[in-house]
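Survey of secondary and tertiary structure
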Amino acid sequence: MKVALDAQLAVGTATGIGEYVRGLAASLRLIGVDVEELAEPRLDPWRFDRRLLWDQVLLPRRAARSRADILHCASGTMPLHAPVPVVVTVHDVAWLRAQAHARGYARYYFGRFALQRYRGATQIVVDSHFSRNELLEVCDLPEDRISVVYPGVAADVCALVRRPAIEPTILVVGTVERRKNVKIIIRALAALPGVRVISIGPSTPYQRECSALARELGVTDRIDFRGYVSRSKLLEAYAGCSVVAVPSRYEGFGYAVAQSLCAGAPVVVSDQSSLPEVARGDAPVVGVDDLHGWIGAVGAILESRPQPDPAIRARSIERFAWHTSALAMAEIYRKVLAQ
């Protein structure tokens, strides 16, 4: 069995999907699956025209050239025509639920157009039960073609050694976009004197709104938008922060939650989308717009400075093991070949 894996979103400033592709490819190889990662480093995957060229022209050509048995479209988009059966990972349907501010052509391509392609997939993989329900709600698909496979968390995160924070720090990880709801943490910061916020992730125009709010509240000097950082800097941030905040309005999985739990870092999550499912009782859950709730939950952790709970960390590492994800994915591939 040979699998061609779409790895274009692992090029350059890879975010959650890039992390997913890299972890999956490495873990599949460890269990004996022949994987060929398909990517074009010369194309910026974050430019819409380059992404369209890759998805619809170059990816199917590379898949045919690879002589693979299966094409795994791991980034949520599929070509109109594929030379082999397709497995597609649908991370979320955020383009239909939470991206109303985006350009119309992007909303169509990543939204309705993508849904039409999913009907041609042999099997569909989703990151959570929440995402499965969302997909079934917006697209008429046979339920037996959709499988839930939790993404894994990388070994370097699971092996982190936590150290006391030099100063009280709230870490927010992810692209600084509207659905991530960073403003609620900035508002909470105004009621938490002496505390800093570190935001790690690529910027969008929403960051300017966040900066304007910080100036209005007089906390500009206590919030640090670092943009995309190296892997070592991200690990350093997880190891040394006081608490991780995930106030997002919409997540198909929520990598920051799983990473925090596996790193032994305290984390507070919103009550929206997949986040309570991923936290599964191991983190405080707060209403997405409940300012006093965020101040109280984050403030309590900053004040108590809890030690990592070995039991929570151990079961999180077991739940989000890439080995488990790879075994489940290999079984899906076998099902496709049998069909």
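Placed above this text is the structure.
Everything in this summary refers to the structure shown in the same document. (Residues numbered from 1 in each chain as written. Predicted model: local features only at pLDDT ≥ 70, side-chain atom pairs only at ≥ 80, totals over all residues. Heavy atoms only, no water.)

**Some thoughts on the pattern of salt bridges**
- A full pass over the atoms with the stated rule returns 23 salt bridges.
- Ionic pairing is found between Glu40 and Arg62, a salt bridge with its closest N-O pair at 2.8 Å. Taken together, the residues span a long stretch of sequence, with Glu40 in the loop between strand E2 (34-38) and helix H2 (48-66) and Arg62 in helix H2 at a distance of 22 residues.
- Its relative accessible area of 9% is what places Glu40 among the buried residues.
- Between Arg226 and Asp224 there is a salt bridge, with its nearest N and O atoms 2.8 Å apart.
- One network of salt bridges, with partners in common, ties together Glu167, Arg196, Asp224 and Arg226. (Salt bridge = Lys/Arg side-chain N within 4 Å of Asp/Glu carboxyl O. Helix = DSSP H or I, 4+ residues; strand = E, 2+ residues; numbered from the N terminus. Buried < 20%, exposed > 50% of the residue type's maximum accessible area, 1.4 Å probe, protein only.)

**Considering the nonpolar core**
- The biggest cluster of nonpolar side chains holds 57 residues, and the ones touching the most others in it are Tyr20 and Met329.
- Apart from the residues within four sequence positions on either side, Tyr20 is in contact with His72, Ala74, Thr89, His91, Val125, Asp127, Pro151, Tyr255, Trp322 and Met329. (Core = buried A, V, L, I, M, F, W, Y, C linked by side-chain atoms within 4.5 Å. Contact = heavy atoms within 4.5 Å.)

**Comments concerning the sheet that holds strand E9 (residues 223-227)**
- Taken together, 6 strands build an open sheet; the order of strands is E9-E8-E7-E10-E11-E12 and the sheet is parallel. At either end of the open sheet lies a strand with only one pairing partner, and these are E9 and strand E12 (285-286).
- With 5 bridges connecting them, strand E7 (residues 169-173) and strand E8 (residues 196-200) associate as parallel partners. Residue pairing in the sheet places Val172 in a bridge with Ser199 of E8.
- Helix H12 (residues 291-304) contacts E7, strand E10 (243-246), strand E11 (267-270) and E12 of the sheet and is inclined by roughly 170° relative to E11. (Pairing = 2+ DSSP bridges. Axes fitted to C-alpha atoms, helices over the stretch in contact; angles between N-to-C directions.)

**Some points on the sheet that holds strand E6 (residues 146-148)**
- Spatially, E2-E1-E3-E4-E5-E6 is the arrangement adopted by the 6 strands of the open sheet, whose pairing is parallel. Two strands lie at the open edges of the sheet, namely E2 and E6, each paired on one side alone. Across the sheet, the mean angle separating the axes of adjacent strands is 25° when strand polarity is ignored.
- Where strand E1 (residues 2-6) and strand E3 (residues 70-73) come together, 3 bridges link them in parallel fashion. Counted as the bridge partner of Leu5 is His72 from E3.
- In the packing of helix H1 (residues 16-30) onto the sheet, the strands contacted are E1, E2, E3, strand E4 (86-90) and strand E5 (123-126), and the crossing angle to E2 comes to about 155°.

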